[in-house]
Amino acid sequence: MLNEMGGVRVQATSPSLGAASVRVQDMRGRYTRVLSDGLPLFGEAVGGLGLLQIPPTDLGRVEVIKGVASALYGAGALAGVVNLCFPPAGTC
């Protein structure tokens, strides 16, 4: 889903483990904050993110904020924010 958005790319870092990094605005994955229902999901270790292991059918929607969002989400959000919303929570 994310690869179809302009300015967003998912780059596999370890295909055997399903680890990937999300590149927003062509900045490295460590500058993108990944959230789950508005809460930090993977902390600072985004390079080891098992994003490819999450089945797309489990997601309700994916929200992407492109650009600097560090004032709201911290220094790890220089490229942008990806919020994964799961249906049972309904908090997104």
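As the structure is a prediction and not an experimental result, all values here were calculated from the model. (Residues numbered from 1 in each chain as written. Predicted model: local features only at pLDDT ≥ 70, side-chain atom pairs only at ≥ 80, totals over all residues. Heavy atoms only, no water.)

Q: Residues and numbers for the sheet that holds strand β3 (residues 32-36), please.
A: Strand order in the open sheet formed by four strands is β4-β3-β6-β5, and the pairing between neighbours is mixed. Looking at which strands have only one partner, the edges of the open sheet turn out to be β4 (39-40) and β5 (61-66). Relative to β4, β3 runs antiparallel, the two being bridged by two bridges. Considered in β4, the bridge of Ser36 is made with Leu39. (Pairing = 2+ DSSP bridges. Helix = DSSP H or I, 4+ residues; strand = E, 2+ residues; numbered from the N terminus.)

Q: Account for the pattern of salt bridges, with residues named and values stated.
A: Considering all chains together, one arrives at two salt bridges under this definition. One salt bridge in this structure joins Arg23 and Asp26, with 3.6 Å as the shortest N-O distance. Since its relative accessible area comes to 18%, Arg23 is described here as buried. By relative accessible area, which is 57% here, Asp26 ends up exposed. The salt bridge partner of Arg61 is Glu63, with a shortest N-O separation of 3.0 Å. (Salt bridge = Lys/Arg side-chain N within 4 Å of Asp/Glu carboxyl O. Buried < 20%, exposed > 50% of the residue type's maximum accessible area, 1.4 Å probe, protein only.)

Q: Can you break down the pairing of β3 residue by residue, with the values?
A: Counted residue by residue, β3 has five buried out of five residues, so it is predominantly covered. Residue alternation in β3 divides its side chains into two sets, Thr32, Val34 and Ser36 and Arg33 and Leu35, and both sets are buried. Of the pairings in the sheet, the one linking β3 to strand β6 (residues 80-85) comprises five bridges and is parallel in character. Within the sheet, the bridge partner assigned to Leu35 lies in β6 and is Asn83. Linking β3 to β4, which pair antiparallel, is a turn of two residues; within it Asp37 sits at a positive phi near 55°.

Q: Give me the nonpolar core: which residues, what numbers.
A: Counting 12 residues, the largest nonpolar core is built from Leu2, Val8, Val10, Ala20, Val22, Val24, Val34, Leu51, Leu59, Ala79, Val82 and Leu84. Take this core: its biggest share by element is three residues, from strand β2 (residues 19-24). Discounting residues that sit within four places of it in the chain, Val24 has contacts with Gly7, Val8, Thr32, Lys66, Ala79 and Gly80. (Core = buried A, V, L, I, M, F, W, Y, C linked by side-chain atoms within 4.5 Å. Contact = heavy atoms within 4.5 Å.)

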